[in-house]
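# Reading the structure
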Amino acid sequence: MKQLLILITIFSWALCSSAQEKGKVKTVEASYLYEIPANLSLEQAKRIALVKAQNDAIESEFGLTVGSINVTGVTNINGQSSTSFHSMTSDQVRGVWLGDVNEPKFERVMENGRDFLKVTVKGKIRELVAAGVEFDAKPLRRHPDKGDEATTFKSGDDFYLYFQSPVDGYLTVFLFDIQSNQVFSLLPYQSSGMGSFAITHDKEYYLFSETKAGPEDGAVDELTLTCADENTEEYNDLYVIFSPNNYAKISSKVGQQKLTDALIIPSSLSYKEFNAWLTKYQQKDEQMQVKRIPIRIENN
């Protein structure tokens, strides 16, 4: 009889200060040269190159968090035990990109017959001195079910979002339409009159689904993704923003303030305005986590 027991131990360490220390905020610039794979469109390559340039800037300023995963296997064959040990290392940048100071610049470059994309970025970054909340967010296609997770949609597909957090908190969701350069607020629902959507820890949410909504959710906005007739495909970015702190309360003075000073965000705005709002609140709230999910919509 053979039995196998696998023990996985995860360690991480970094040359950083105590988690009680406030993370430093700095303005950085970086350029990155990315070779465009033959199987990627230019828009897809831009997204990848942008993230790489941002991470390169963060790494240059704050370095990497080095981690290790130790896997121990214990095999028992007819009462005889043997142990195997394997260690793997992983690196992660020790900071977060808060927002752009200048809009990223992209330049197509040919070198020795190879196709490159040069991206130049300038923005604000914050050093990570403590782990953020690890929430789960999955875009769902056609049906509010975790098995229907997708980032590629057909024009006319219904859109849902699965969300779960280990802690109570507040959630907002935005969609950045790259073609129009506009950002649209998807959550909280339009009829709620709230600045954010309250989340209960460990509860599974299937957002934008009326059939799976609770009575406390109010009127649900159901969404369908579409692609303009003249386009074969469109690209969007989904921004899922979560914090244990209520960062988007309603303010009666919104109309009298500049957008970046307001406590609630309009239903639609330019990417520049959205970026300024998000940058400001990420600097205020170190527990705020932002997950950006690329979405592609194909025309039928």
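Just so we're clear, the structure is a prediction, and the values are computed from it rather than from any experiment.

Once that is clear, we can look at the pattern of salt bridges. Two side chains bearing opposite charge may form a pair once their charged atoms approach each other closely. The final tally for this structure, using the stated rule, is 12 salt bridges. The closest approach of N and O atoms between R141 and D157, which form a salt bridge, is 2.5 Å. Placement of the pair is R141 in strand β7 (residues 136–141) and D157 in the loop between β8 (152–154) and β9 (158–164), with a sequence separation of 16 residues. Classification of R141 as partly exposed rests on a relative accessible area of 24%.

What follows covers unusual backbone geometry. Here the residue pair L187 and P188 is connected by a cis peptide bond, since its omega of 15° sits within 30 degrees of zero. Following the sequence through the fold, P188 ends up in the loop between β11 (182–187) and β12 (197–199). One non-glycine residue, N112, lies in positive phi territory at about 55°. Of note, N112 is situated in the loop between β5 (95–111) and β6 (114–127). The class of N112 is exposed, set by a relative accessible area of 79%.

Note on helix geometry: an α-helix contains 3.6 residues per turn, so any two residues three or four positions apart are oriented the same way. Here helix α1 (residues 42–62) contains 21 residues, and its C-alpha end-to-end distance of 30 Å stays within 8% of the 30 Å for a straight helix at 1.5 Å per residue. Following α1 by one or two positions, G63 has its phi on the positive side, about 80°.

Time to look at the confidence of the model for the protein. Per-residue confidence for the protein gives a mean pLDDT of 78, with 75% of residues at or over 70. Low pLDDT, under 50, characterises residues 1–20; the stretch is placed with 46 contacts to residues that sit more than four places away or in other chains. Note on residues 83–91: pLDDT is under 50 here. Beyond four places in sequence and across chains, it has 27 contacts.

Regular strands show a simple pattern: their side chains alternate between the two faces of the sheet. In terms of burial, strand β10 (residues 169–177) is largely enclosed, as eight of its nine residues are buried. As defined by bridge partners, β10 adjoins β12 across three bridges and the pair is classed as antiparallel. Among the inter-strand pairings, G169 is bridged to a residue of β12, identified as I199. Remark: four residues form the turn of the hairpin made by β10 and β11, two consecutive strands paired antiparallel; N181 in that turn has positive phi of roughly 60°.

Position of R47 among the secondary structure elements: in helix α1. Owing to a relative accessible area of 15%, R47 belongs among the buried residues under this scheme. Excluding residues within four positions of it along the chain, R47 makes contact with I178, Y235, N236, D237, P294 and I295.

Applying the stated rule across the entire model yields 15 aromatic pairs. Taken together, a centroid distance of 5.0 Å and an interplanar angle of 55° make the contact between F174 and F274 tilted. Here F174 is found in strand β10, whereas its partner F274 is found in helix α2 (residues 271–284), with 100 residues between them in sequence. Taking the relative accessible area as the measure of exposure, F174 reaches 1% and is therefore buried. With centroids separated by 5.1 Å and ring planes inclined at 70°, the aromatic side chains of Y239 and F274 adopt a geometry described as edge-to-face. One end of the pair, Y239, is in strand β15 (residues 233–243); the other, F274, is in helix α2, with 35 residues separating them in the sequence.

Parameters and conventions
- Residues numbered from 1 in each chain as written.
- Predicted model: local features only at pLDDT ≥ 70, side-chain atom pairs only at ≥ 80, totals over all residues.
- Heavy atoms only, no water.
- Salt bridge = Lys/Arg side-chain N within 4 Å of Asp/Glu carboxyl O.
- Helix = DSSP H or I, 4+ residues; strand = E, 2+ residues; numbered from the N terminus.
- Buried < 20%, exposed > 50% of the residue type's maximum accessible area, 1.4 Å probe, protein only.
- Expected span 1.5 Å × (residues − 1).
- pLDDT = per-residue confidence, 0-100.
- Contact = heavy atoms within 4.5 Å.
- Pairing = 2+ DSSP bridges.
- Phe/Tyr/Trp six-rings, centres within 6.5 Å; stacked < 30°, edge-to-face > 60°.

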